[in-house]
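Per-entry structural report
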Amino acid sequence: MWILNIGGIVMNMKMQSVGFKADSKLEAFINQKLKKLEKLENSITTYNVILNVDKASNRENKVVEVKMQVPGSELFAKKQSKTFEEATDLVADALRSQILKYKEKR
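Every chain is numbered on its own, with residues counted from 1 as its sequence reads. In keeping with the model being predicted, local features are shown solely for residues with a pLDDT of at least 70 and side-chain atom pairs are shown and tallied solely at 80 or more, while totals for entire chains, interfaces and linings include all residues. Side-chain metrics rest on all non-hydrogen atoms present in the structure, leaving aside hydrogens and water.

Section: the side chain of Thr88
Helix and strand labels come from DSSP, where a helix needs a run of H or I of at least four residues and a strand needs a run of E of at least two; each type is numbered from the N terminus. As for its position among the elements, Thr88 is in helix α2 (residues 84-105). Of the residues examined, Thr88 reaches a relative accessible area of 2% and is grouped as buried. In this description, contact between two residues means that some pair of their heavy atoms is separated by no more than 4.5 Å. Residues within four places of Thr88 in sequence aside, it is in contact with Phe29, Ile30, Lys33 and Val64. Here the term buried applies to any residue with accessible area under 20% of the maximum for its type, exposed to any over 50%, and partly exposed to those in between, with areas from a 1.4 Å probe on protein chains only.

Overview of the packing of aromatic side chains
Stacked, edge-to-face and tilted are the three classes for Phe, Tyr and Trp ring pairs, Trp counted by its six-membered ring, which pair at centre distances within 6.5 Å; planes under 30 degrees apart are stacked, over 60 edge-to-face, the rest tilted. Counting across every chain of the model gives 1 aromatic pair. With a centroid separation of 5.2 Å and an interplanar angle of 20°, the aromatic rings of Phe20 and Phe84 are classed as stacked. Here Phe20 is found in the loop between β2 (9-17) and α1 (24-36), whereas its partner Phe84 is found in helix α2, with 64 residues between them in sequence. By relative accessible area, Phe20 is classed as partly exposed at 27%.

Section: α2
To estimate how far a helix should reach, multiply one less than its number of residues by 1.5 Å. An ideal rise of 1.5 Å per residue puts 32 Å on 22 residues; α2 measures up with 31 Å between its terminal C-alpha atoms. Buried within α2 are the following residues: Phe84, Ala87, Thr88, Val91, Ala92, Ala94, Leu95, Ile99 and Tyr102. Looking at the buried positions of α2, the neighbouring elements they touch are α1, β3 (46-53), β4 (62-70) and β5 (73-81).

In structure tokens:
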């Protein structure tokens, strides 16, 4: 688990890889992508990231799930792709859209 202090707000990131050990480069890539979301919404408090390999699928079997806590709400995205990096990009895009909708509602 990582605890980051960004602009006075403490943010927790819990990353879990199911059935394998994620290397530090992959963890750093995911961390970097999710930190960029903080530019849109600085009240994000927690990220729960789950990395999984879907054995039912042959090529696009890398799955990334992210639950993000913001005040009064939880945002969630799950994407599957050929690589964890590509799935992370898709998750970040989905969360970016959700953050924009969340901000409109506030």
